[in-house]
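Chains, contacts and geometry: an overview
What follows is each chain in one-letter form.
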Amino acid sequence: MSSPTAGMKGGGYYDEHSEYQRRVAQSGLSSLADLVQGMDGLRADPLTIVDYGCSEGANSIAALRAVVIAIRRRRRDSCVVAIHNDLPTNDFNALFHNLVQRADSYLTVHGGPILPMASPRSFYETVVPRATANVGLSFSSAHWFRETPSSSVPGSICAMDASGPARVTLAKQADNDWTRFLEMRASDLTPGGILFVQMIGTQVDADGTRHVTAERLLRAMYEVAAGMVEQGQLRRDVLDGFVFPTYMRTAGEARAPLERPGSPVTAGFHANIVSVQPVPNPYLDELHKAGDEHDYAERYVAFVRAFTESTLRRALLEPGAVGQSVDTSADRFYTELRRRTAADPQWSVFEDWTLTIALTRTSDAS
Ligand SMILES: C[S@@+](CC[C@H](N)C(=O)[O-])C[C@H]1O[C@@H](n2cnc3c(N)ncnc32)[C@H](O)[C@@H]1O
């Protein structure tokens, strides 16, 4: 079974172009710090924190620092074990480089020993020995499908644009994945431990209007790919079969496996927070301040490339590029996305509704 992403674009590229994901994590840090300071099990020594989907680490290390500081307010001298998890294909070299180089590394927090470790493994499996994690974190990662979706969505690469049976199949796949993610965390976490997860989501208004994160971006990406098909640079059948492998859950979908009778995780967790909140786009904020569309398009498309390129290469360009190398094809794709974004920033804009879930591991689950 292989993941539909090989990880983010490495060699420092993701770190340099993930200001938005950093802003998302920052939006949750004060609730997270409160939960950590109030949790049973803060007396454990060592105290183990696991970050699921750490990528190259700059954002992960900064978020972990906030947790370590919260722990140190109550437990100055305890040993903290910090475990970074991502797929084996992730750039862990960059992460360990960051850990010793960055001024905001948690290694600079005073107090007892802090031991960094890595667990290169899918988070749809257990990641640490059973009942050894006290705090589980995951930022901007749990929306990735476990496997490439097999349903196609006519005229779109966005799973949320599906209708009819394809919609049902994709929702079921996403529900299975989220249930599996929680089941594996129920194994990793010790009773009294907390799990804090943020991912891209869907907000549903009281009148039923749905706001889907990244919907406009994914539609713009489809248009660029469709243009390449028209120019004979990309195979139509490959584009028709391609769905970008992320699912933007609603708060109701996040709660479902926790509340459903007979679900393997119903007894495993108590829900502290399940909410969807918009997080403003830092690239757009800068555009509104500086008014430079070309600079905006440059920085915004680099952000998009950082999290989409490995998937586009693997599932769209490697099987679908016609008469050109995959490198040329990828460059053409992002150059066109940038050109059209500079001409009309709203066309491809990334709007975010972040889903935040905070759970406490109860003691009565299997
Ligand atoms: C957008 S990055 C988020 C990185 C970091 N947490 C942040 O907030 O900037 C998403 C990460 O999730 C990882 N990921 C996706 N599916 C995964 C899986 N099944 N197991 C572990 N990591 C996964 C990707 O490899 C990628 O590094």
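Anything mentioned here points back to the structure above.
Heads up: these notes are all about the structure in this document.

**Considering the sheet that holds strand E2 (residues 80–86)**
- Across the sheet, which stays open at both edges, the seven strands sit in the order E3-E2-E1-E4-E5-E9-E8 with mixed pairing between neighbours. Looking at strand neighbours, the two that pair on one side only are strand E3 (114–120) and strand E8 (269–278), the edges of this open sheet. On average, each strand axis in the sheet is tilted by 15° relative to the strand beside it, whichever way the strands run.
- In the packing of helix H3 (residues 58–74) onto the sheet, the strands contacted are strand E1 (47–52), E2, E3 and strand E4 (133–139), and the crossing angle to E1 comes to about 155°.
- Contacting E8 and strand E9 (353–361), helix H8 (residues 251–259) crosses the sheet at an angle of about 170° to E8.

**Structural notes on the site of the ligand**
- Inspection of the region around the ligand gives 19 residues, with Tyr14, Gly53, Asn59, Asp86 and Phe123 positioned closest.
- Within the side chain of Ser122, one N or O atom sits 3.1 Å away from a nitrogen atom of the ligand.
- In this structure, Ser141 approaches the ligand through a side-chain N or O atom, which is 3.2 Å from an oxygen atom.
- Bound to the protein, the ligand loses 99% of the 600 Å² it would expose on its own.
- Considering only residue class, the shell around the ligand consists of seven nonpolar, 10 polar and two charged.

**Quick look at the packing of helix H5 (residues 164–188) against H8**
- Orientation of H5 relative to H8, taken along the N-to-C sense of each, is 60°, at an axis distance of 10 Å. Overall, the two elements H5 and H8 adopt an arrangement that is oblique. Taken as a pair, H5 and H8 cross one another with a handedness that is right-handed. Touching Ala171, Asp175, Trp178, Thr179 and Leu182 of H5 are Glu253, Ala254, Ala256, Pro257 and Leu258, all from H8.
- Partitioned by chemical class, the residues of the contact of H5 with H8 number seven nonpolar, one polar and two charged.

**Examining the pairing of E4**
- In terms of burial, E4 is a largely internal element, seven of the seven residues being buried.
- Alignment of E4 against strand E5 (residues 189–200), held across six bridges, turns out to be parallel. Pairing of Val135 across the sheet is with Ile194, part of E5.

**With respect to unusual backbone geometry**
- That bond from Asp45 to Pro46 is cis: its omega, 5°, falls within 30 degrees of zero.
- Looking at the secondary structure, you find Pro46 in the loop between helix H2 (19–38) and E1.
- Positive phi values are uncommon outside glycine, yet Ser140 reaches one of about 55°.
- Tracing the backbone through its elements, the reader meets Ser140 in the loop between E4 and H5.

What counts and how
Residues numbered from 1 in each chain as written. Predicted model: local features only at pLDDT ≥ 70, side-chain atom pairs only at ≥ 80, totals over all residues. Heavy atoms only, no water. Pairing = 2+ DSSP bridges. Helix = DSSP H or I, 4+ residues; strand = E, 2+ residues; numbered from the N terminus. Axes fitted to C-alpha atoms, helices over the stretch in contact; angles between N-to-C directions. Contact = heavy atoms within 4.5 Å. Near = heavy atom within 4 Å. Polar contact = N/O pair within 3.5 Å; in protein donor to acceptor, adjacent residues only side chain to side chain. Areas by Shrake-Rupley, 256 points an atom, 1.4 Å probe, with all protein chains shown as cover. Nonpolar A, V, L, I, M, F, W, Y, C, P; charged D, E, K, R; others polar. Parallel < 35°, antiparallel > 145°, perpendicular 65-115°, else oblique. Left-handed = near helix turned anticlockwise from the far one by under 90°. Buried < 20%, exposed > 50% of the residue type's maximum accessible area, 1.4 Å probe, protein only.

By themselves, these are just geometric observations and shouldn't be taken as functional.
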